[in-house]
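The residues making up each chain are set out below.
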Amino acid sequence: MTATLPVNIDINELFKGVYWHQKWKAFDDFTTPGINHVESLCNEVGLPQDLSGKRVLDIGYWNGCFSFEAERRGALEVVGIGPECSHATGAQNLAKLLDSKNVRFELGTAYDLNPDVIGKFDYVFFFGVFYHLRYPLLALDKIFRICQEKLFIETEILQESEPNILEFYRNNELNDDYSNWFVPSSNCLIQMLSSSGFNPHHQEIRQGGTRMSIACDVEKNGPEWMKNGSSEGVYYDTITKPIFD
């Protein structure tokens, strides 16, 4: 349920200089002017309408709209992490405008996730981040350590969906953006998630086959890569544990 925008609020002044990527109906008479439709993506990825009692992590929150949508759906606590200042992205001002009680923002990335520091979360949002990572499998392994129930991921994918391919972009070949490193085929993404301890159960491909949304359950017995004889699993204490710690 939304309310009316508070009176005497100058939206242009409040969010001066903010780049809106996320489009979200914050109030009955105010929708953030982004291009990424929050409600549509939440529906595509299969996010439940009722998040009552859930602790949610929003990785790469940017404008914070997915975090606030989780709060609106009843989440008990929402933590947004990202490398940017929440004031610069508009998230902090939007929190004040909404009188948000259950959302907070912290500096950090997927690489920083440590259950001893940040705790564990029922649900994790990982929207529009995967292809910006130079170390995507490390990020998935880190997420597994703090995710207890479900991971919701949305990312760019290769149009050719059959081969098990992860394409690397050395410079700005993808969308003239130097922050884009890897884009998987849909099959590759599913294989990477499965290797990392996630069980994909809801999938949707959109935008002419270039974007994919997936909901995953968490494998309670640990990730496959730690049990299949890989050196990182066999010699966990020597090779992998220092990376996680």
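Residues numbered from 1 in each chain as written. Predicted model: local features only at pLDDT ≥ 70, side-chain atom pairs only at ≥ 80, totals over all residues. Heavy atoms only, no water.

Novice: Got a minute to help me understand unusual backbone geometry in this structure?
Specialist: Across the chain, the bulk of peptide bonds are trans and the bulk of non-glycine residues have phi less than zero. Of note in the backbone geometry, Asp 99 takes a positive phi value of approximately 55 degrees without being a glycine. Among the secondary structure elements, Asp 99 is positioned in the loop between helix 4 (91-98) and strand 7 (103-107). Despite not being glycine, Gln 207 shows a phi value in the positive range, around 50 degrees. (Helix = DSSP H or I, 4+ residues; strand = E, 2+ residues; numbered from the N terminus.)

Novice: Would you take a moment to explain the pairing of strand 8 (residues 121-127) for this structure?
Specialist: Looking along a regular strand, one sees the side chains alternate between the two faces of the sheet. Among the 7 residues that make up strand 8, 7 are buried, leaving the element largely enclosed by the rest of the structure. By the bridge criterion, 3 bridges tie strand 5 (residues 55-59) to strand 8 in an arrangement that is parallel. Bridged to Asp 58 within strand 8 is Phe 125. As paired elements, strand 8 and strand 9 (residues 147-156) share 6 bridges and run parallel to each other. Bridge pairing in strand 9 links Phe 126 to Ile 153. Handedness of the crossover joining strand 8 and strand 9 through helix 6 (residues 136-146) is recorded here as right-handed. (Buried < 20%, exposed > 50% of the residue type's maximum accessible area, 1.4 Å probe, protein only. Pairing = 2+ DSSP bridges. Right-handed = clockwise from strand over helix to strand, strands pointing away.)

Novice: I'm lost on the environment of Gly 229 in this one. Help?
Specialist: Looking at the element boundaries, Gly 229 is found in the loop between strand 13 (211-218) and helix 8 (231-234). On a C-alpha basis, the gap between Gly 229 and Lys 25 in space is 49 Å, while along the polypeptide they are 204 residues apart.

Novice: Which parts of the structure should I look at to understand a nonpolar patch on the surface?
Specialist: Together, Val 234, Tyr 235 and Ile 239 make up an exposed nonpolar region whose accessible area comes to about 290 Å². You can see Ile 239 is positioned in helix 9 (residues 236-239). (Patch = residues over 30% accessible without salt bridge, like charges linked within 9 Å, V, L, I, M, F, W, Y side chains within 5 Å. Areas by Shrake-Rupley, 256 points an atom, 1.4 Å probe, with all protein chains shown as cover. Salt bridge = Lys/Arg side-chain N within 4 Å of Asp/Glu carboxyl O.)

Novice: Got a minute to help me understand the environment of Leu 47 in this structure?
Specialist: Considering the arrangement of structural elements, one finds Leu 47 in the loop between helix 2 (38-45) and strand 5. For Leu 47 and Ser 86, which are 39 residues apart along the polypeptide, the C-alpha to C-alpha distance reads 24 Å. Ignoring anything within four residues of it in the chain, the contact list for Leu 47 reads Cys 42, Arg 73, Tyr 123, Phe 125 and Phe 152. (Contact = heavy atoms within 4.5 Å.)

Novice: Hey, could you run me through the sheet that holds strand 9 in this one?
Specialist: If you trace the 7 strands from one edge of the open sheet to the other, you get 7-6-5-8-9-13-12, paired in mixed fashion. Strand pairing shows two members of the sheet lacking a second neighbour, strand 7 and strand 12 (198-206), which therefore form its edges. Taking each pair of neighbouring strands and ignoring which way they run, the sheet shows an average axis angle of 15 degrees. Sheet topology note: the strand 9/strand 13 ladder contains 7 bridges and is antiparallel. Across the sheet, Lys 150 pairs through a bridge with Asp 217, a residue of strand 13. (Axes fitted to C-alpha atoms, helices over the stretch in contact; angles between N-to-C directions.)

Novice: Even after reading the chapter, I still don't get the pattern of salt bridges, so can you show me in this structure?
Specialist: A side chain of one charge can pair with a side chain of the opposite charge if their charged atoms are brought near each other. Scanning the entire structure with this criterion turns up 13 salt bridges. A salt bridge links Glu 69 to Arg 73; the shortest N-O distance between them is 2.8 Å. The pair Glu 69 / Arg 73 is uniform in exposure class, with both members buried. The closest approach of N and O atoms between Arg 211 and Glu 154, which form a salt bridge, is 2.7 Å. One end of the pair, Arg 211, is in strand 13; the other, Glu 154, is in strand 9, with 57 residues separating them in the sequence. Residues participating in the shared-partner salt-bridge network are Glu 44, Glu 154, Glu 156, Arg 206 and Arg 211.

Novice: Help me out: how do you make sense of helix 4 in this one?
Specialist: Note: α-helices contain 3.6 residues per turn, so residues at a spacing of three or four share the same orientation. Within helix 4, burial applies to Ala 91, Leu 94, Ala 95 and Leu 97. One side of helix 4 holds all its buried residues, which, seen down the axis, span an arc of 165 degrees. Just beyond helix 4, the residue with positive phi is Asp 99, at close to 55 degrees. (Arc of directions from axis to C-beta.)

Novice: Teacher, can you tell me more about the state of the cysteines here?
Specialist: The term disulfide refers to a covalent linkage connecting the sulfur atoms of a pair of cysteines. By the definition in use, this model includes 0 disulfides. For Cys 42, which is in no disulfide, the shortest distance to another cysteine sulfur is to Cys 65 and amounts to 10 Å. For Cys 42, a relative accessible area of 0% translates into the label buried. Not engaged in a disulfide, the cysteine Cys 85 finds its nearest cysteine sulfur in Cys 65; these two sulfurs lie 16 Å apart. (Disulfide = S-S within 2.5 Å.)

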